[in-house]
Amino acid sequence: MEMGVKLSASWFVGQRFFYVIKGDLEAIDFTWPGVKSGKRKEKREMVEEKGQQGACGAGGIGGGRCNSCTVTSLLATSYSDFLISPHGTQVKVEELKGHILGLYFSANWNSASQKFTPVLASLYGKLKEQGALFEIVFISFDENAASFDEYRASMPWLAVPFSDLESRKMLSGMFQIEGIPSLIFLDAEMKTTQAEGVDLVYKYGVDAFPFTTKRVEYLRKEDEEKRSKQTIVSLLSNPSTGRDFLRSHSSVKQVPVTSLVGKTVALYFSAQWCSPGFKFTPRLISVYNKIKRAMGTKDQFEVVFVSSDRDEATFELYYEVMPWLAVPFNDEKTRSLVRYFDVRRIPCLIIIGPDGKSVTGEGRSLINLYMENAYPFTQDHVRSLEKRMDEEAKSFPKFRLHSGHHHPLRLVSASSGGGPFICCECDEQGSVWAYQCITCGYEVHPRCVTEKNWAKLGGDD
Ligand SMILES: [Zn+2]
Ligand SMILES: [Zn+2]
């Protein structure tokens, strides 16, 4: 590939990076032999294996942990031995010797990248302030030089020149970049220490520095310790403002956090702008009312809304329809709960047991699968529900016709071609049992199938 040519378009499909160059469509395949797509974990293990063997692969593409790499062999090519500074000046690659590096694969057109860049910039600023020998190098997946320049202007770190397509391609291949944003941390010897840098930065921020396995292990242990001391009061009250109550619909609008001690509590992370919540919130309300009714006066269950709404008016509007409690709008506890429970997607339902310890983060799927029967969400209870479901499934027909689909659907379980899925009928998550179309991958919950008449379609039964 020549230097200085413009990509007029580029995109990822699975592990294949397509780009249009001088009117021709080309593609780089990032797949390794024998590796199934979408399984990052397996891949990383393979990368590590390769690295241990010291394999560098043809043309430097191959081992994620190249044992003989230096910062120069990694980031400089025969045409270009420099990076671009935020001011647009050239910085020699060799000036990065001895630095811990973050390779940041990102693009202007990608909303997840846009969301992550300021988070990374804040971490970068803090580390630079502390005088850490640390640098980030942006490897662009932008569509053209103009969007690259615009995006780079928001970044305080260095970048591989947009014209150096050779390096950008080589680095994406070498580090098995499947999607963006992606952040790879390398130690001063240019060995990969963390391949899931984005997750790490979201979770631990600057505390994760120097991004070694040892540091991350330490942080995980510290987290575990925090979790072992966790109580419902420590989770939901805010000592820094003295708030020891939650919002309620009662006339006083307040309920002490201590009233939840000894109960099973579901923390409902949601927001009015979140469209999957439109379907889940009414379902949760119905389940909530049924559980409460079944309990009568021995009330042992509560839901607490943790809002990610952007303004108070929408919060009030959304909370209005919810029959349960809420963390007051804009309370700083909200952010710390999101981080503590590592909530990435909403709606999300985290279950806390009567002892104040976390039971499961899968509350939403459990409700979708078992409705009110999911209560009290414990492992033992879920196992017995699974057993009951497996029993019931024995009587399910092997094939069914669903009025929402034009192919016959086959009954699958996690062990027979099924697995976690999004139901095409109700848009909610599912796992374990499903009806699946082998032709097009369409999948629905067994309870979401509405029967179509076989005879009308010319079926033989
Ligand atoms: Zn469904
Ligand atoms: Zn189909």
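A word on the overall build of the chain
Here comes step 1: What the chain contains, in helices and strands, is 13 helices and 23 strands.
Here comes step 2: Out of the 461 residues belonging to the chain, those deemed buried represent 48%.
Here comes step 3: In the chain, the proportion of contacts linking residues at least 24 apart, taken out of those at least 6 apart, comes to 59%.
Here comes step 4: Working note: accessible area of the chain is about 22,700 Å², and carbon and sulfur atoms make up 53% of it.

Digging into the coordination of the zinc ion (ligand 1)
Here comes step 1: Donor atoms from the polypeptide that coordinate the zinc ion (ligand 1) comprise Cys423 (SG), Cys426 (SG), His445 (ND1) and Cys448 (SG), at 2.1 to 2.4 Å from the metal.
Here comes step 2: Every donor counted, the four donor atoms about the zinc ion (ligand 1) form angles of 100 to 119° at the centre, which fits tetrahedral coordination.
Here comes step 3: Between the donor residues of the zinc ion (ligand 1), the gaps in sequence give the motif C-x2-C-x18-H-x2-C. Of the two residues, Cys423 sits in the loop between strand 20 (421-422) and strand 21 (429-430) while His445 sits in the segment after strand 23 (443-444), which places them 22 residues apart along the sequence.
Here comes step 4: The class of His445 is buried, set by a relative accessible area of 1%.

A closer look at the coordination of the zinc ion (ligand 2)
Here comes step 1: Donor atoms from the polypeptide that bind the zinc ion (ligand 2) are His405 (NE2), His407 (ND1), Cys437 (SG) and Cys440 (SG), placed at 2.0 to 2.2 Å.
Here comes step 2: Seen from the zinc ion (ligand 2), its four donor atoms lie at angles of 102 to 120°, and the figure they make is tetrahedral.

Topic: the sheet that holds strand 22 (residues 434-436)
Here comes step 1: In space, the four strands of this open sheet follow the order 18-19-22-23, with antiparallel pairing throughout. The sheet terminates laterally at strand 18 (399-400) and strand 23, the two strands that pair on one side only.
Here comes step 2: Looking at chain direction, strand 18 and strand 19 (residues 409-412) are connected through two bridges and run antiparallel. Bridge pairing links Phe399 to Arg410 in strand 19.

Observations regarding the layout of surface pockets
Here the idea is plain: a probe the size of a water molecule rolls over the atoms and shows the empty space left.
Here comes step 1: Taken as a whole, the largest pocket encloses approximately 1,000 Å³ of empty space.
Here comes step 2: Lining of the largest pocket is provided by 30 residues; of these, Lys115, Tyr202, Val343, Arg344 and Arg345 occupy positions nearest its centre.
Here comes step 3: Of all elements in the fold, only helix 3 (111-129), strand 9 (182-186), helix 6 (197-204) and helix 11 (333-340) reach the threshold of two or more residues within the lining of the largest pocket.
Here comes step 4: Ranked by the residues each element gives to the lining of the largest pocket, the list is headed by helix 6, at five residues.
Here comes step 5: When its residues are assigned to classes, the lining of the largest pocket shows 13 nonpolar, six polar and eleven charged.
Here comes step 6: The residue makeup of the lining of the largest pocket includes at least three contributed by each of domain 1 (28-221) and domain 2 (232-385).

Here we look at the side chain of Ser167
Here comes step 1: Along the chain, the position of Ser167 falls in helix 5 (residues 165-174).
Here comes step 2: A polar contact is formed between the side chain of Ser167 and the side chain of Asp164, at a distance of 2.7 Å.
Here comes step 3: Apart from residues no more than four positions distant in its own chain, Ser167 is found in contact with Leu75, Thr77 and Val160.

Focus: the packing of helix 9 (residues 275-295) against helix 12 (residues 363-370)
Here comes step 1: As a packed pair, helix 9 and helix 12 sit with axes 11 Å apart at the nearest point and diverge in direction by 70°. When the interaxial angle is binned, helix 9 and helix 12 end up roughly perpendicular. The two elements helix 9 and helix 12 meet at a crossing, and its hand is left-handed. Seen from helix 9, the contacting residues are Pro276, Phe280, Arg283, Leu284 and Val287; seen from helix 12, they are Arg364, Ile367 and Asn368.

Details of the packing of helix 3 against helix 6
Here comes step 1: Viewed as axis vectors pointing N to C, helix 3 and helix 6 meet at an angle of 65°, and their least axial separation amounts to 10 Å. The two elements helix 3 and helix 6 meet at a crossing, and its hand is left-handed. Contacts from Lys115, Phe116, Val119, Leu120 and Leu123 of helix 3 reach helix 6 at Val198, Val201 and Tyr202.
Here comes step 2: Taken together, the residues of the contact of helix 3 with helix 6 break down into seven nonpolar, no polar and one charged.

Overview of the packing of aromatic side chains
Here comes step 1: In this structure the tally under the stated criterion is 30 aromatic pairs.
Here comes step 2: Look at Phe315 and Phe329: their rings are 5.5 Å apart centre to centre, the planes differ by 35°, and that puts the pair in the tilted class. Placement of Phe315 in helix 10 (residues 312-320) and of Phe329 in the loop between strand 15 (325-326) and helix 11 is noted, with a sequence separation of 14 residues between them.
Here comes step 3: When its relative accessible area of 0% is taken as the criterion, Phe315 is described as buried.
Here comes step 4: It is Arg168 that lies over the ring of Phe162; its NZ or CZ is 4.1 Å from the centre.
Here comes step 5: If you follow Arg310 out to its NZ or CZ, it ends over the ring of Trp273, 4.4 Å from the centre.

Observations regarding unusual backbone geometry
Here comes step 1: Note that the residue after Phe209, namely Pro210, is joined by a cis bond; omega there is 5°.
Here comes step 2: Within the secondary structure, Pro210 is located in the loop between helix 6 and helix 7 (213-228).
Here comes step 3: Residues Tyr375 and Pro376 are joined by a peptide bond in cis, for which omega reads 5°.
Here comes step 4: With respect to the helices, strands and loops of the structure, Pro376 is situated in the loop between helix 12 and helix 13 (379-393).
Here comes step 5: One non-glycine residue, Met190, lies in the positive phi region at around 70°.
Here comes step 6: In this fold, Met190 is placed in the loop between strand 9 and strand 10 (192-194).
Here comes step 7: Owing to a relative accessible area of 3%, Met190 belongs among the buried residues under this scheme.
Here comes step 8: Of note in the backbone geometry, Asp342 takes a positive phi value of approximately 50° without being a glycine.
Here comes step 9: You can see Asp342 is positioned in the loop between helix 11 and strand 16 (348-352).

About the thresholds
- Per chain, residues are indexed from 1 in the order of the written sequence.
- Each chain is given a letter, starting from A, and each ligand a number, starting from 1, according to the order in which they appear as written.
- Only residues with pLDDT of 70 or above have their local features reported here, since the model is predicted, and side-chain atom pairs are shown and tallied only from 80 upward, although totals for entire chains, interfaces and linings are computed over all residues.
- Excluded from the side-chain calculation are hydrogens and water; included are all heavy atoms of the structure.
- In DSSP terms, a helix is any run of H or I states spanning at least four residues, a strand is any run of E spanning at least two, and both are numbered starting from the N terminus.
- Only protein chains enter the area calculation, which uses a 1.4 Å probe; residues under 20% of their type maximum are buried, those over 50% are exposed, and those in between are partly exposed.
- Only heavy atoms enter the contact rule, under which two residues are in contact if any of them lie within 4.5 Å.
- To measure how exposed things are, a 1.4 Å probe is used in the Shrake-Rupley method; for residues, cover is taken only from the protein chains shown.
- As a rule, N, O and S atoms within 2.8 Å of a metal are its donors, except that Na, K and Ca use 3.2 Å; water is not among the atoms, so sites may look incomplete.
- Here the metal geometry follows the donor angles, with tetrahedral for four donors whose angles all fall between 85 and 135 degrees, square planar for four and octahedral for six when opposite donors are more than 155 degrees apart and every other angle is between 65 and 115, and irregular for all the rest.
- Strand pairing is assigned whenever DSSP detects at least two bridges linking the two strands.
- A cavity here means a set of 1 Å grid points, computed over protein atoms only, where a 1.4 Å probe fits but cannot escape. A pocket is an open set with protein on both sides within 12 Å along at least 5 of 7 lines, and lining residues have an atom within 4 Å of a point.
- Grid points are joined across faces, edges and corners, and a volume is the space filled by probe spheres set on the points.
- Three classes are used: nonpolar for Ala, Val, Leu, Ile, Met, Phe, Trp, Tyr, Cys and Pro, charged for Asp, Glu, Lys and Arg, and polar for all others, with Gly counted as polar.
- Where each domain starts and ends comes from a domain assignment, either automatic or drawn from a database.
- What qualifies as a polar contact is a pair of N or O atoms within 3.5 Å, subject to a donor-acceptor requirement within protein and to the restriction that residues adjacent in sequence count only when both atoms come from side chains.
- Fitted lines through C-alpha atoms serve as axes, helices being fitted only where they are in contact, and the angles separating the N-to-C directions of these axes extend from 0 to 180 degrees.
- With respect to orientation, any angle under 35 degrees is reported as roughly parallel, any angle over 145 as roughly antiparallel, any angle of 65 to 115 as roughly perpendicular, and every other angle as oblique.
- Should the near helix be turned counterclockwise from the far one by less than a right angle, the crossing is left-handed, whereas a clockwise turn marks it as right-handed.
- Working definition: rings of Phe, Tyr and Trp (its six-membered ring) pair if their centres are within 6.5 Å, and the pair is stacked with planes under 30 degrees apart, edge-to-face with planes over 60 apart, and tilted otherwise.
- The rule is short: NZ of Lys or CZ of Arg within 6 Å of the ring centre and within 35 degrees of the ring normal puts a charge over the ring.

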